[in-house]
Amino acid sequence: LRELMHDGYGNFVLQGILECGTREMKDSIVTKVLDKGVVDLSFHVYGTRLVQRALETVESEDVASLVVALKGHVNSLIYDCNANHVVQCSIRAVNKHGKLAQKRNKSLTGNESEHGECDLVGSKEVCECNDVLCCLDHVVDEVTSEITEISTHPYGCRVVQRLLESCTGKHIDTVLDSLMTDKKVLRLFNHEYGNYVVQRVIEYGRPCDRETIFDEIMNGDNIINASKQKRSSNVIESMFQHGLEEQRNSMARKMLQFDQTDGMIAVVSMSMDEFANYVVKRALDTLTKNGELIKELQEV
């Protein structure tokens, strides 16, 4: 097994066993992976594939063991071209098992908390749910300790996006709080990688987070200036796509105001810009419930 883990072809055999083998076979591989060192394997070009496949195929208790083995090394893994995929896979796998446990709880009781967490305190199913989710605590803590640096890294921004897409309850709250503290998220608008994190905050964040970003967009001429820049224009599009109807209408009305810089109505100069024209198109696509506003934009 040790030889196959690092072999360009042999690792595919082990991946096949993880996918199709018996529980005993899978347990044997997971034990060897833990003995060999999950962190070391994650850095290896072939070992990382095996760790990822293990996370995708084994039972929740084995997933928890693999993720706990990353403790203290999460950020160094994130900055590596091979190992960052293990962190991303860990986030998806833990939340998948957590949601399956919650679904089983719900089928037994018909109850679910407002955060999607289980209400069967003290039951075996709740313990299973909490155990697998708690193994992600150290990942969230390590990522949020360097949230700005990680959000602006080509691999790190992907990890933050996975956290925002997959996590619920205290985990996503912790990530969002770290991004919103001192309005760090606003400094990511036009960053090559950070803009993707902002888009995920708009899509998966809390109403208060979305409102903070909306306020920044509406401040002065920000909506016009941001729309005319390559990266931040994606943020404006995302707000049109995922914002509230009231927010979309306010942004569209701002685009109908006169732009002193260009000496014309803002939406006209935007429609002729290489990046802002996509914002105008997105606005027209999403303002479906306000016929008068759409008509006014089209006429201008």
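Anything mentioned here points back to the structure above.
The following refers to the structure shown. (Residues numbered from 1 in each chain as written. Predicted model: local features only at pLDDT ≥ 70, side-chain atom pairs only at ≥ 80, totals over all residues. Heavy atoms only, no water.)

### Quick notes on the overall build of the protein chain
Keep this limit in mind: The numbering of helices and of strands both runs from the N terminus, where a helix is a DSSP run of H or I of at least 4 residues and a strand a run of E of at least 2. A 1.4 Å probe rolled over the protein chains alone gives each residue an accessible area, and that area as a share of the maximum for its type sets the label: buried under 20%, exposed over 50%, partly exposed in between. Any pair of residues with heavy atoms lying within 4.5 Å of one another is described as a contacting pair. To be clear on the numbers: accessible area is Shrake-Rupley with a 1.4 Å probe, and residue cover counts the displayed protein chains and nothing else. Just so you know, the count uses Lys and Arg for positive and Asp and Glu for negative, and it drops His and the chain ends. The atom standing in for a charge is NZ when the residue is Lys, CZ when it is Arg, CG when it is Asp and CD when it is Glu.
Broken down by element type, the protein chain carries 21 helices and two strands. Its C-alpha atoms give the protein chain principal-axis dimensions of roughly 70 × 45 × 35 Å. Per-residue burial for the protein chain yields a buried fraction of 49% across its 300 residues. Counting contacts in the protein chain only where the partners sit at least 6 residues apart, residues at least 24 apart contribute 68% of the total. For the protein chain, the computed accessible surface area is about 14300 Å², with 47% contributed by carbon and sulfur atoms. Between the mean site of the 34 positive side-chain charges and the mean site of the 46 negative ones, the protein chain shows a separation of 3 Å.

### Remarks on the environment of Tyr193
How we decide: Between N or O atoms, a polar contact is any pair within 3.5 Å; within protein, one atom must be a potential hydrogen donor and the other a potential acceptor, and residues adjacent in sequence are included only when both atoms are from side chains.
As for its placement among the helices and strands, Tyr193 is situated in the loop between helix 13 (169–180) and helix 14 (194–204). Between the alpha carbons of Tyr193 and Ala266 there is a distance of 27 Å; along the sequence they are 73 residues apart. Every residue in contact with Tyr193, bar those within four places of it in the chain, is listed here: Ser151, Thr152, His153, Pro154 and Cys157. Within the structure, Tyr193 has its side chain in polar contact with the side chain of Glu192 (distance 3.4 Å).

### Let's talk about the side chain of Asn195
Residue placement: Asn195 occurs in helix 14. Of note is the side chain of Asn195, whose polar atom sits 3.2 Å from the backbone oxygen of Glu192. Only 2.9 Å separates the side chain of Asn195 from the side chain of Gln199, close enough to count as a polar contact. If we ignore the near neighbours within four places in the chain, the residues touching Asn195 are Leu188, Phe189, Arg231, Asn234 and Val235.

### So, the packing of helix 15 (residues 207–218) against helix 17 (residues 232–242)
Filter applied, for reference: Axis definition: a line fitted to C-alpha atoms, over the contacting stretch in the case of helices. Angles run 0 to 180 degrees between N-to-C directions. For this classification, under 35 degrees means roughly parallel, over 145 means roughly antiparallel, 65 to 115 means roughly perpendicular, and everything else is oblique. The hand of a helix crossing depends on one turn: near helix anticlockwise from the far one by less than a right angle means left-handed, and clockwise means right-handed. Each residue is assigned to one class: nonpolar for Ala, Val, Leu, Ile, Met, Phe, Trp, Tyr, Cys and Pro, charged for Asp, Glu, Lys and Arg, and polar for all the others, Gly among them.
Taken N-terminus to C-terminus, the directions of helix 15 and helix 17 make an angle of 125 degrees; their axes are 11 Å apart at the nearest point. As judged from the angle between their axes, helix 15 and helix 17 are oblique. Every pair of crossing elements has a handedness; the one defined by helix 15 and helix 17 is left-handed. Two secondary-structure elements touch here, helix 15 through Arg210, Ile213, Phe214 and Ile217 and helix 17 through Ile236, Met239 and His242. Grouping the amino acids of the contact of helix 15 with helix 17 by side-chain chemistry returns five nonpolar, one polar and one charged.

### Some remarks on a nonpolar patch on the surface
As a reminder of what qualifies: A residue counts toward a patch only above 30% relative accessible area and without a salt bridge, and it is joined to like-charged neighbours within 9 Å or, for Val, Leu, Ile, Met, Phe, Trp and Tyr, to nonpolar neighbours within 5 Å. Salt bridges are defined as contacts in which a side-chain nitrogen from Lys or Arg sits within 4 Å of a carboxyl oxygen from Asp or Glu.
On the surface, Leu1, Leu4 and Val13 cluster together into a nonpolar patch covering about 220 Å² of accessible area. With respect to the helices and strands, Val13 occurs in helix 2 (residues 10–20). The partly exposed category is assigned to Val13, whose relative accessible area is 46%.

### Describing unusual backbone geometry
Here the phi dihedral of Asp182 falls at roughly 60 degrees; this positive angle occurs in a residue that is not glycine. Structurally, Asp182 can be placed in the loop between helix 13 and helix 14. Phi is positive for Lys183, close to 55 degrees, though the residue is something other than glycine. As for its placement among the helices and strands, Lys183 is situated in the loop between helix 13 and helix 14. We classify Lys183 as partly exposed; its relative accessible area is 48%.

### As for the packing of helix 14 against helix 15
Two packed helices can be described by the angle between their axes and the distance between those axes. For the pair helix 14 and helix 15, interaxial distance at closest approach is 8 Å and the crossing angle is 130 degrees. On the basis of their axis angle, the class for helix 14 and helix 15 is oblique. Remark: the crossing between helix 14 and helix 15 carries left-handed chirality. Packed against helix 14, whose contacting residues are Val198, Val201, Ile202 and Glu203, the element helix 15 presents Asp209, Arg210 and Ile213 at the interface.

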